[in-house]
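Results of the structural survey
Next come the chains, spelled out residue by residue.
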Amino acid sequence: MKYPTLRFVFDRRKVATETRKASIYLEVAFERKRRDVPTGVHVCINQWSDAKRVIARTDAPDLNAQLGSIESQDTSK
């Protein structure tokens, strides 16, 4: 059985700066097709790390929990 691959993509449109926020998308790839699902989370470029997700914010644990729940919802479908 094949499973989709999931990953978070930050700033797909390359608009983020240290003062301008960009969106975080959940990229779902399955059988050579790819879809981006918006997460509703927007952060600046210095507040994102591919390894740790949202960093350097007071609400970083809450945002990371929100991203984790979005990721787990997509895998359960």
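This is a predicted model, so every value here is computed, not measured.

Analysis parameters
- The residue numbers shown here count from 1 along each chain, following its written sequence.
- With pLDDT at 70 or above as the cut-off, local features in this predicted model cover only qualifying residues; side-chain atom pairs require 80 or more to be listed or tallied, and sums for whole chains, interfaces and linings still use all residues.
- Heavy atoms from the whole structure form the basis of all side-chain values; hydrogens and water molecules are not counted.
- Strand pairing is assigned whenever DSSP identifies at least 2 bridges connecting the two strands.
- Numbering of helices and strands runs from the N terminus; a helix is a DSSP stretch of H or I covering at least four residues, while a strand is a stretch of E covering at least two.
- Only the contacting stretch of a helix is used when fitting its axis, a line to C-alpha atoms as for every element, and angles between N-to-C directions run 0 to 180 degrees.
- Each Phe, Tyr or Trp ring (for Trp, its six-membered ring) is paired with any other whose centre lies within 6.5 Å, and the angle between the two planes then decides the class: stacked below 30 degrees, edge-to-face above 60, tilted in between.
- Remark: exposure states derive from per-residue accessible area (1.4 Å probe, protein chains only) relative to the maximum for the residue type, with buried under 20%, exposed over 50%, and partly exposed in between.

What follows deals with the sheet that holds strand β3 (residues 33-43). Pairing is antiparallel in the open sheet, where 3 strands are placed in the order β1-β2-β3. With one partner strand each, in any of the chains shown, β1 (5-10) and β3 form the two edges of the open sheet. Ignoring which end each strand starts from, the neighbouring axes of this sheet average 25° apart. Alignment of strand β2 (residues 22-30) against β3, held across 8 bridges, turns out to be antiparallel. Considered in β3, the bridge of E27 is made with D36.

What follows covers the packing of aromatic side chains. On inspection of all chains with the given rule, the structure shows 1 aromatic pair. For the ring pair F10 and W48, a centre distance of 5.6 Å and an interplane angle of 25° mean the geometry is stacked. With F10 in strand β1 and W48 in strand β4 (residues 48-49), this residue pair connects regions lying 38 residues apart in the sequence. Take F10 and W48: they sit in the same class, and that class is buried.

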